[in-house]
Amino acid sequence: MATVSVRDARKNFGSTPILHGVNVEIGDGEFVVLVGPSGCGKSTLLRMIAGLENISGGEIAIGGRVVNTVPPKDRDIAMVFQNYALYPHMTVRENMAFSMKLAKAPREVMEEEVQRAAKILGLDALLDRYPRQLSGGQRQRVAMGRAIVRHPQVFLFDEPLSNLDAKLRVQMRSEIRELQQRLATTTIYVTHDQIEAMTMADQIVVMNAGRIEQAGAPLALYDRPANTFVAGFIGSPAMNLVPGEISDGGFRAQGGALLPLPPATPANVATYGIRPEHLVLAEDGIEARLVVVEPTGSETQVAMRIAETPLVGAFRERITGRPGETIRVKPDLSLVHLFGADGRRL
Amino acid sequence: MSDVAASPGNTNTASAAPEQMAWDSKTRRVVLLYVPLACFLFILLFPFYWMTVTAFKPNAELYNFAEHNPLWISSPTLEHVYHLLFNTAYPKWLWTTMLVAVASTFLSLLASTLAAYAIQRLRFRGSQYVGLAIYLAYLVPPSILFIPLATMVVQLGLFDTPFALILTYPTFLIPFCTWLLIGYFKSIPYELEECALIDGATRLQILRQITLPLAVPGLISAGIFAFTLSWNEFIYALAFIQSSESKTVPVAILTELVTGDVYQWGALMAGSLLGSLPVAIFYSFFVDYYVSSLTGAVKE
C-alpha cells in the first residue's frame, strides 16, 4: 500500500506531446479511475506509472519514492492488461507463480500464495489448465490472481473489462471493487466507460486530449462538473448541453427554445446544461414534441424537440405517446448547469 | 467452367440460385480443383519417382528401353546402393553434409534469434536500418559473394575443411532466418513481455522463458529452411572443398560419380535418393509446426 503522486508529468512521442503536464495525488488504499475518450492519454499515464513508458518531464512517486528511472520490476506494482497477457504456454498455477519464481521464492511459499489467491478468486479447480482452456471471465480472474500473489503496493488495471460481455462486465466490476476493498491496496484503473468509473472509483480523474479536465469523487463530478466536457462525459444518458444566449427573460437556445433560468444567473451564459433525469413532466412546462420514445422498464428515455432544439429526457413515468405528439416538460431549476463561452462552469 | 458458361443461367437473372449451386457442383470442383492439383502433383513428384525407379534398376534395364518399360522395374536390385555405400566415400559425404548442415543451422538460428529479437523488440536508434541492411545482405548473390569469401577462407586456413562451409553458410542463412523470425516475433503480443517485465524478468529471461517457447513454430520453420538450404548448397561446397572425402553430397555425387563422360546413373540416383531422405524425414516430423508458423500467430 502506498500513495502515488504524479507531478507535472509530460510525455512526448517524438515531437508530438501526448500528456501536457498532469497532476494527480492518490491516497493510500484509494481506488482511482482514469477515464476519458480513447486517445486522451490515460493508458499512457498508467504505463508511465508502471514504468513501461519513459517520462518526458515531471515526476512520478510511489510511496514517496520518485520512480522516474526505476525499472518496472523494482516499482513494487502489479498490472492487469486489457487482453490479460496470460502466458499461453504456462498453466494457471505457473502463470500466477511466475513472478515469485523469478524472485526465487521457496516452493512452499509459492504454492501457499497461489492457493490463497486461487481461493480468493475461485480458481481452485482451474490451476492446472492452460489459458486457452478458460473463459474470458476466468482469464480475467487469473490475471488478477497473478497481481494478488505479489502483494504489490499498487495495482494497475488497463481497461480490464473491455473484452468481456456486458453481463460479465457488471459482475467482474463488483468483484474487482470488492477485492480492492478487502485488500485495501492502492489501485489505479483505466477505462473509457464512465459507468465503470462512477460505480468503482473513490476518485475519478477525467482526462481529455492529454490534460486532466477534473478530478474528484464520482458524485461530485456528477453534481458539479467543472466544464462542458466533464458534464457531457459523466452521466448516462449524457447531459443535454444546449448552446445559446440569455434573452427574453430566459435562455434562448439555438433552435428557438426558451428555457427558464435559475435566479441570480450571470449574464455570460453560453451553454445551458440539464441532465435528462432532471427534466420533469409538468402541466405548466414547455411544450415538447416527441421524436423517439425508448422505454427501458425502469424509466422511459425520450428524444424530443422544443421548437427546433433537440433535448433528451429520462422519466420515471411511463410515456406512451407516439412520435409527433406533445408533452410538457420543465427543467428542475436547482439542478441546471450553466457554462460560459470558454466551456467552464459559471 | 464450361458447364456453367453453357448454362442459360448466365443471361437469366431469375436463375441466380441454380447458378450459385453450379459453382459448388462436383464437375466444377473436379475441373477447377482436382485436375490442376493432379497436374501439379504429377509434375512435382515425377522426378522423385524417376529417381527411385532408376536407383533400383539393374544396368541392363537402365540402358535398354526397347525391351524394358522405362517406368517400371522388372527385377529390382540393390547393386547401385551397395556400390554407393561400400565402393565410394558416400557415408563420409553424408556425414560431412549432416555435420555442416546441423552446425551452420544451429549457428544461424542462434545469431538470427538474437538479431530478430533486438530488431523487433528493443527500441534502439537505427533498428530499422539494421533490419534493412540484413535484408540487403541477403540480396547479394552467392555466385558473387563466393569470390571474396574464398580469399577469406584460404587466409583463415579453413580451405578444404568443414569449417569453411559451417562459417560461410550463415552469410545467407542468418539474413533469411532473421527476417523470418522478425515476422514471427511480431506476432507474439508485446504485452506478454511487458507483463514479464513487471513480474521482474530481465530481457534475457523474457527471451528464454516467454518469447522463445512461444516462438518454437517459427524457430522450427527457420531451422528447416536453414537446414534445407545448407543441405542443398552447391556453389560454396564446390569452391571451398577440394579433397574427395570432405565433399558434401550434392557436390560429391556430381564430381565423383560422373567419371569423364560416363554417368553412373544408378549410383547417381541412389545417391540423390538417400541424400534427399533426411530432409524429407525432417519435414515430416515438423510439418505441423511449419504450417502453423506460416499461417497463424500465437493464440492465447
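Residues numbered from 1 in each chain as written. Chains lettered and ligands numbered in written order. Predicted model: local features only at pLDDT ≥ 70, side-chain atom pairs only at ≥ 80, totals over all residues. Heavy atoms only, no water.

To keep it simple, the criterion reads: UniProt positions are given in the numbering used here, feature names are shortened, and annotations may be inferred rather than shown by experiment.
Looking at an unreviewed UniProt entry, one finds chain B named Sugar ABC transporter permease and attributed to Falsiroseomonas bella. The UniProt entry for chain B carries the following comment under Sequence similarities (unreviewed entry): "Belongs to the binding-protein-dependent transport system permease family." The Subcellular location (unreviewed entry) comment attached to chain B in UniProt states, word for word, "Cell membrane".

Chain A carries the name Sugar ABC transporter ATP-binding protein in an unreviewed UniProt entry, which gives Falsiroseomonas bella as its organism.

## A few points about the sheet that holds strand β5 (residues 65–66) of chain A
Residues and elements named next belong to chain A. The line we're drawing: Only when DSSP finds a minimum of two bridges between them are two strands counted as paired. Numbering of helices and strands runs from the N terminus; a helix is a DSSP stretch of H or I covering at least four residues, while a strand is a stretch of E covering at least two. Only heavy atoms enter the contact rule, under which two residues are in contact if any of them lie within 4.5 Å. Note on geometry: axes are C-alpha line fits, over the in-contact stretch for helices, and angles between N-to-C directions span 0 to 180 degrees.
Spatial strand order, β2-β1-β4-β5: four strands in an open sheet with antiparallel pairing. Of all strands in the sheet, those with a lone pairing partner are β2 (16–26) and β5, marking the two edges. Sheet topology places strand β1 (residues 4–13) next to β2; eight bridges connect them, and they run antiparallel. Paired with V4 across the strands is I26, a residue of β2. Docked against the sheet, helix α1 (residues 42–50) engages β1, β2 and β4 (57–62), running at close to 115° with respect to β1.

## Here we look at the pairing of strand β18 (residues 326–331) of chain A
Residue and element names in this part refer to chain A. The condition that has to hold: Exposure classes here rest on a 1.4 Å probe applied to the protein chains alone. A residue is buried below 20% of its type maximum, exposed above 50%, and partly exposed in between.
Side chains I327, V329 and P331 project from β18 onto a buried face, and the interleaved T326, R328 and K330 project onto a face without burial. Pairing between strand β15 (residues 279–295) and β18: seven bridges, direction antiparallel. Counterpart to L279 in the pairing with β18 is P331.

## Remarks on the UniProt feature "domain: ABC transmembrane type-1" (unreviewed entry) in chain B
Those places that UniProt annotates as "domain: ABC transmembrane type-1" (unreviewed entry) correspond, in this numbering, to residues 94–286 of chain B. Helix makes up 80% of residues 94–286 of chain B and strand 2%, with an end-to-end C-alpha separation of 22 Å.

## Observations regarding the packing of helix α6 (residues 90–121) of chain B against helix α12 (residues 203–214) of chain B
Residues and elements named next belong to chain B. Note the following rule: These descriptions rest on fixed angle ranges, namely under 35 degrees for roughly parallel, over 145 for roughly antiparallel, 65 to 115 for roughly perpendicular, and the rest for oblique.
Where α6 meets α12, the axes come as close as 12 Å, and the angle between the chain directions of the two elements is 100°. Taken together, the axes of α6 and α12 are roughly perpendicular relative to one another. Facing T113, L114, Y117 and R121 of α6, the residues of α12 in contact are R203, I206, L207, T211 and L212.

## A few points about the interface of chain A and chain B
Inclusion rule: Note: buried area is the sum, over both parts, of the accessible area (probe 1.4 Å) each one loses when the two are combined. Any Lys or Arg side-chain nitrogen located within 4 Å of an Asp or Glu carboxyl oxygen qualifies as a salt bridge.
In this assembly, 25 residues from chain A lie in contact with 19 residues from chain B. Of the roughly 2,100 Å² buried between chain A and chain B, counting both surfaces, carbon and sulfur atoms make up 61%. Applying the counting criterion to the chain A and chain B interface returns two salt bridges. Residue A:R150 is joined to B:D199 by a salt bridge in which the shortest nitrogen-to-oxygen separation is 3.8 Å. Where the side of chain A that touches chain B is concerned, the elements lending two or more residues are α1, β6 (77–80), α2 (92–102) and α4 (136–148) of chain A.

## Comments concerning the pairing of strand β3 (residues 31–35) of chain A
Residues and elements named next belong to chain A. Here β3 lies mainly inside the structure; five of its five residues are buried. Neither face of β3 is open: one carries F31, V33 and V35, the other V32 and L34, and all of them are buried. Here five bridges tie β3 to strand β8 (residues 186–191), and the two strands are oriented parallel to one another. Across the sheet, L34 pairs through a bridge with V190, a residue of β8. Bridge count between β3 and strand β9 (residues 203–208): four bridges; the pairing is parallel. When the bridges of β9 are listed, V33 appears paired with I204.

## A word on the domain arrangement of chain A
Residues and elements named next belong to chain A. Selection criterion: Source of the domain bounds: an automatic or database domain assignment. In the analysis that follows, any N or O atom pair within 3.5 Å is treated as a polar contact, provided that within protein one partner can donate a hydrogen and the other can accept it, and provided that, for residues neighboring in sequence, both atoms belong to side chains. In this classification, the charged set is Asp, Glu, Lys and Arg, the nonpolar set is Ala, Val, Leu, Ile, Met, Phe, Trp, Tyr, Cys and Pro, and all remaining amino acids, among them Gly, are polar.
Entries for chain A in the domain assignment read domain 1 (4–231) and domain 2 (238–340). With centres defined by C-alpha atoms, the gap from domain 1 to domain 2 works out at 39 Å. At the interface, seven residues of domain 1 touch eight residues of domain 2. When the buried surface of domain 1 facing domain 2 is broken down by residue, Y222, T228 and A231 rank first, second and third, together holding 78% of it. The tally of links from domain 1 across to domain 2 stands at zero salt bridges. Between domain 1 and domain 2 we count two residue pairs in polar contact (both at pLDDT 80 or more) in total. At the level of elements, α7 (218–223) and α8 (228–233) are the ones that each hand at least two residues to the side of domain 1 that touches domain 2. The leading source of residues in the side of domain 1 that touches domain 2 is α7, at three residues. Broken down by class, the residue content of the side of domain 1 that touches domain 2 amounts to four nonpolar, two polar and one charged.

## Details of the domain arrangement of chain B
A common way to express how large an interface is: the accessible area buried when the components associate. All names here are of chain B. Assigned domains of chain B: these are domain 1 (2–55) and domain 2 (88–298). Across the contact, four residues belong to domain 1 and seven residues belong to domain 2. Between domain 1 and domain 2, a total of about 490 Å² is buried, with carbon and sulfur atoms accounting for 86% of that surface. Among the residues domain 1 hides against domain 2, the three largest losses belong to M51, T54 and A55. Together they make up 81% of the total. Scanning the region where domain 1 abuts domain 2 turns up zero salt bridges. At the surface where domain 1 touches domain 2, the tally comes to zero residue pairs in polar contact (both at pLDDT 80 or more). Looking at the side of domain 1 that touches domain 2 residue by residue, the class counts come to two nonpolar, two polar and no charged.

## Brief notes about the sheet that holds β8(A)
Residues and elements named next belong to chain A. Taken together, the six strands give an open sheet; going across it, the order is β6-β7-β8-β3-β9-β10, and neighbouring strands pair in mixed fashion. Taken across any chain shown, the strands that pair with only one partner, and hence form the sheet edges, are β6 and β10 (211–216). Neighbour-to-neighbour, the strand axes of this sheet turn through a mean angle of 15°, independent of strand direction.

## A closer look at the UniProt feature "transmembrane region" (unreviewed entry) in chain B
Residues and elements named next belong to chain B. On the UniProt side, "transmembrane region" (unreviewed entry) is annotated at positions that read residues 30–50, 93–117, 129–151, 163–185, 206–229 and 265–291 here. Between the first and last C-alpha atoms of residues 163–185 the distance is 30 Å; the span itself is 96% helix and 0% strand. Within residues 265–291, the helical portion is 100% and the strand portion 0%, while the C-alpha atoms at the span's ends are 35 Å from each other.

## As for the confidence of the model for chain A
Test applied: Confidence scores per residue from the predictor, reported as pLDDT, run from 0 to 100.
Summary statistics for chain A give a mean pLDDT of 93 and a share of 100% for residues scoring 70 or more. Mean pLDDT values over the elements of chain A span from 90, in helix α5 (residues 166–183) of chain A, up to 96, in β3(A).

## As for helix α3 (residues 107–121) of chain A
All names here are of chain A. Note the following rule: One less than the residue count of a helix, multiplied by 1.5 Å, gives the span that helix is expected to have. Think of it as the arc spanned by the lines of direction from the helix axis to the C-beta atoms.
Compared with the 21 Å implied by 1.5 Å per residue over 15 residues, the 21 Å span of α3 between its first and last C-alpha is a close match. Among the residues of α3, M110, E113, V114, A117, A118 and L121 are the ones counted as buried. All buried residues of α3 lie within an arc of 130° about the axis, which places them on one face of the element. Exposed positions of α3 whose direction lies more than 90 degrees from the buried face are E108, E112 and K119. Buried residues along α3 sit in contact with α2, α4 and α5. Looking one or two places after α3, you find G122, whose phi comes out positive at around 70°.

## So, the nonpolar core
Counted only if it meets this: What makes a nonpolar core is a set of buried Ala, Val, Leu, Ile, Met, Phe, Trp, Tyr and Cys residues whose side-chain atoms join them at distances within 4.5 Å.
In terms of nonpolar packing, the biggest core is built from 77 residues, with A:L45, A:I49, A:L156, A:I188 and B:I210 touching the most fellow members. Setting aside chain neighbours within four positions, we find A:L156 in contact with A:L46, A:I49, A:A50, A:I77, A:A78, A:M79, A:V80 and A:I188. Counting 44 residues, the second largest nonpolar core, distinct from the first, contains A:V35, A:A117, A:L126 and A:M172.

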